[in-house]
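Below, each chain spelled out in residue letters.
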Amino acid sequence: MGMSYQKFYTGFLNANKNKQHYACHSHYFWPDCTRDAMLEYWDDSAKYVDEKWGYFFETLVPELQQRISDILNTHAPEQIVFAPNTHELLYRIMSCIDVSTPYKVVSTDSEFHSFHRQASRLQEQGAIELITVPTKPYSTFSSRFIAAIAENDPELVFFSHVFFNSGYVVDDVDAIVNSITNDNTLVVVDGYHGFMAKPTDLANIAHRAFYLSGSYKYAQAGEGACFAHVPIGCNLRPMYTGWFAEFGELDKPRIDGKKEGVPYSLDGMRFAGATMDFTALYRLRAVLRMFEQNNISVETVNDYVMDMQRIFLDKLAAYDHPLLNARHLAVTDAQKRGHFLTFELDNADVTKKCALALKAHHILTDFRGNRLRFGFGLYHTPDYIDLAALSDIT
Ligand SMILES: Cc1ncc(COP(=O)(O)O)c(C=O)c1O
C-alpha cells in the first residue's frame, strides 16, 4: 500500500475533520484540483464570453471524449456525448422507440430511480410492458436475464454493470449484450457504479450498446457531467432532441424518400440536448488530468479500494457485531463486488436506526430500505478506518 492519496483531497478532508465518510459510492469527495477548475471556468467565461462555446467544443469536449473513450476502451471518442444527468440521456434513448404501440422493456429489480421511476410511470400509462428480472440469486442472474431477453424480444434492454443496491458486479456484460439477436433492440448499460471504479473494457460491445455514466461518484467531479457512449454507427433519430444535436457533420435524411428531415450529427452528438453548464466538465477534466499526472489508473484505484474494504472487514471482525458483520454482506465474494459494502439487515427500521447511530458517532454511511452501504475511496487509509464506536451501537 504505502501511498496515501489524502494529499489530493485536503479541502474536503479538512471540512470534514473527525468524520468518517463512507458514502463515496454516492458522493465522492472532490479532489482539490476541482476547485481550481471552477475558477478556471469563470476566468475562461470572462475571457471568451460568446466565443466560449467554440472554445469548449474545440478543446474541452474532445479532450474529455478521448480520455473517457480511453478509460472504457471504446476506440470511438466521437461517440461520447455529455448531458447534466443520465436521466436525460436515458429518456433521449427511449425517445428513439416507436410509441404507436406499447413496447417491451427487459430490465432488473435493482435499477436506480432514474430508470425505475421513469419506466414505472411509462408502464402506468400503458406505453411500455416492463419485464423485471430479479437480480437474486446473483449467481444465476446473467443466465436468467439472457433467457428473459430471448423470450420477450424487447425493444429495450436496460441493466447495470454494478447494481446500486448491492454492489454486485455483472462481469459478463459482453455475453448479455452479444446474446441479443434482434438488431433493433436497444441495449443500455448503466455504468454509473462501474465507471472509474471497476476496470471496464467496452471494446467488444462499443458497436452495439449504449453506456451511461457520470462524474458524481467515482469520477469525483461532482454533479452535472454525465455522458453516454453511443453505439458506433448508430443512426437513430431521438424524438427528444436539442439543438446541440446539430453540431458537426450532419446526415441528410429523406423522409418518405422525398421531404428533407431534421438533420442529426453523424456521431454521438446526435444524442445531445441543449445549453448546459460546463463547469462540471472542467472539474472532470481536472480530475482525469490529475490522475494521469500521478499515474493513477482505474486498476490502481480498484486495487487500493478493495484493500480498504479488506482492512475494514478485518477490523470489523474483531467486534463480532450483531448487525454489521460479514454474515450480513449482500455480496460475499470480493471479486464480484463494487466499491461499497452492502449489509442486508432484518428490516428498514433496524437499518435506519443503525445508520443514525453510526452518524451520531460521525460515521457517515447511507441506507435504502434494509440495506446499509459503506463506500470506500482513495481518501481512506487504514488509520482513517476506526470502528471503536461499534462497541456502543447495538
Ligand atoms: C446506478 C445509478 N445510475 C444513475 C444514477 C444517477 O442518475 P441521474 O444522473 O439521472 O441523477 C445513480 C445515482 O446517482 C446510480 O446509482
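As the structure is a prediction and not an experimental result, all values here were calculated from the model. (Residues numbered from 1 in each chain as written. Predicted model: local features only at pLDDT ≥ 70, side-chain atom pairs only at ≥ 80, totals over all residues. Heavy atoms only, no water.)

**Quick notes on helix H5 (residues 113-124)**
Then, in step 1: The end-to-end C-alpha distance of H5, which contains 12 residues, comes to 15 Å, matching closely the 16 Å that a straight helix rising 1.5 Å per residue would cover.
Then, in step 2: Inspection of H5 places Phe115, Gln118, Ala119 and Leu122 among the buried residues, and these make up the whole buried set. Along the long axis of H5, the arc covered by the buried residues comes to 100°, so they all point the same way. Residues of H5 that are exposed and point more than 90 degrees away from the buried face comprise Arg117 and Glu124.
Then, in step 3: Contacts from the buried residues of H5 go to helix H4 (86-94), strand S3 (103-108), strand S4 (128-133) and strand S5 (156-160).
Then, in step 4: Where H5 ends, the next residue or the one after it, glycine 126, has phi of about 85°, a positive value. (Helix = DSSP H or I, 4+ residues; strand = E, 2+ residues; numbered from the N terminus. Expected span 1.5 Å × (residues − 1). Buried < 20%, exposed > 50% of the residue type's maximum accessible area, 1.4 Å probe, protein only. Arc of directions from axis to C-beta. Contact = heavy atoms within 4.5 Å.)

**A look at helix H10 (residues 348-360)**
Then, in step 1: If you check H10, its first and last C-alpha atoms are 18 Å apart, about what 13 residues at 1.5 Å a residue would give, namely 18 Å.
Then, in step 2: Listed in full, the buried residues belonging to H10 are Thr351, Cys354, Ala355 and Leu358. Viewed end-on, H10 has its buried residues packed into an arc of 95°, placing them on one side of the element. The exposed residues of H10 that point more than 90 degrees off its buried face are Asp349, Lys353 and Ala360.
Then, in step 3: Contact partners of the buried residues in H10: strand S12 (363-364), strand S13 (366-368) and strand S14 (371-375).
Then, in step 4: With its phi angle positive at about 65°, histidine 362 sits one or two positions after the end of H10.

**Details of the nonpolar core**
Then, in step 1: In this structure, Tyr9, Phe159, Phe312, Phe343 and Phe374 are the most contacted members of the largest nonpolar core, which totals 123 residues.
Then, in step 2: Counting only domains with at least three residues in this core, you end up with domain 1 (6-30 + 297-392) and domain 2 (35-291). (Core = buried A, V, L, I, M, F, W, Y, C linked by side-chain atoms within 4.5 Å. Domains from an automatic or database assignment.)

**As for the site of the ligand**
Then, in step 1: Surveying the vicinity of the ligand reveals the residues Asn85, Thr86, His87, Phe112, Ser114, Phe164, Asp190, Tyr192, His193, Lys217 and Cys226.
Then, in step 2: Side-chain polar atom of serine 114 to an oxygen atom of the ligand: 2.6 Å apart, as the coordinates give it.
Then, in step 3: Considering the ligand on its own, with 400 Å² of exposed area, one finds that the protein chains cover 85% of that surface. (Near = heavy atom within 4 Å. Polar contact = N/O pair within 3.5 Å; in protein donor to acceptor, adjacent residues only side chain to side chain. Areas by Shrake-Rupley, 256 points an atom, 1.4 Å probe, with all protein chains shown as cover.)

**Points about the domain arrangement of the chain**
Then, in step 1: Here the domain parsing of the chain yields domain 1 (6-30 + 297-392) and domain 2 (35-291).
Then, in step 2: For domain 1 versus domain 2, the distance between C-alpha centres works out to 29 Å.
Then, in step 3: In this assembly, 27 residues from domain 1 lie in contact with 30 residues from domain 2.
Then, in step 4: Between domain 1 and domain 2 we count 2 salt bridges in total.
Then, in step 5: As a salt-bridge pair, aspartate 171 and lysine 336 come within 3.0 Å of each other at their nearest N and O atoms.
Then, in step 6: Viewed at the interface, domain 2 and domain 1 are joined by 14 residue pairs in polar contact (both at pLDDT 80 or more).
Then, in step 7: Taken together, the elements giving at least two residues each to the side of domain 1 that touches domain 2 come down to helix H9 (298-317), strand S11 (340-344) and S14.
Then, in step 8: For the side of domain 1 that touches domain 2, the class distribution of residues is 13 nonpolar, 7 polar and 7 charged. (Salt bridge = Lys/Arg side-chain N within 4 Å of Asp/Glu carboxyl O. Nonpolar A, V, L, I, M, F, W, Y, C, P; charged D, E, K, R; others polar.)

**Notes on the pairing of S14**
Then, in step 1: Most of S14 sits out of view: 5 of its 5 residues are buried.
Then, in step 2: Of the two faces of S14, the one carrying Arg371, Arg373 and Gly375 and the one carrying Leu372 and Phe374 are both buried.
Then, in step 3: Bridging between S11 and S14 involves 5 bridges; their strand directions are antiparallel. Within S14, the position partnered with glutamate 344 by the bridge is arginine 371.
Then, in step 4: Pairing of S13 with S14, which is carried by 3 bridges, proceeds in the antiparallel orientation. Within the sheet, the bridge partner assigned to aspartate 366 lies in S14 and is arginine 373.
Then, in step 5: What sits between the antiparallel neighbours S13 and S14 is a turn of 2 residues, in which glycine 369 has the positive phi angle 60°. (Pairing = 2+ DSSP bridges.)

**Digging into the side chain of threonine 86**
Then, in step 1: In this structure, threonine 86 sits in helix H4.
Then, in step 2: By relative accessible area, threonine 86 is classed as buried at 11%.
Then, in step 3: Filtering out sequence-adjacent residues up to four positions away, threonine 86 remains in contact with Ser114, Tyr192, Leu212, Ser213 and Cys226.

**Considering the sheet that holds strand S7 (residues 210-214)**
Then, in step 1: The strand order S2-S8-S7-S6-S5-S3-S4 describes an open sheet built from 7 strands, whose pairing is mixed. Of all the strands in the sheet, the pair left with one neighbour each is strand S2 (80-83) and S4. Sheet twist, expressed as the mean angle between neighbouring strand axes with direction ignored, is 20°.
Then, in step 2: Pairing of strand S6 (residues 186-190) with S7 involves 3 bridges; the strand directions are parallel. Bridge assignment links valine 188 to a residue of S7, and that residue is phenylalanine 210.
Then, in step 3: Across the sheet, helix H3 (residues 52-72) is in contact with S2, S7 and strand S8 (226-229); its angle to S2 comes to roughly 115°. (Axes fitted to C-alpha atoms, helices over the stretch in contact; angles between N-to-C directions.)

**Some details on unusual backbone geometry**
Then, in step 1: Cis geometry is found at the peptide bond from lysine 136 to proline 137, where omega equals -10°.
Then, in step 2: Position of proline 137 among the secondary structure elements: in the loop between S4 and helix H6 (141-152).
Then, in step 3: A positive phi is found at asparagine 295, a non-glycine position, where the angle reads about 55°.
Then, in step 4: With respect to the helices and strands, asparagine 295 occurs in the loop between helix H8 (279-293) and H9.
Then, in step 5: Looking at asparagine 295, the relative accessible area reads 66%, which means it is exposed.

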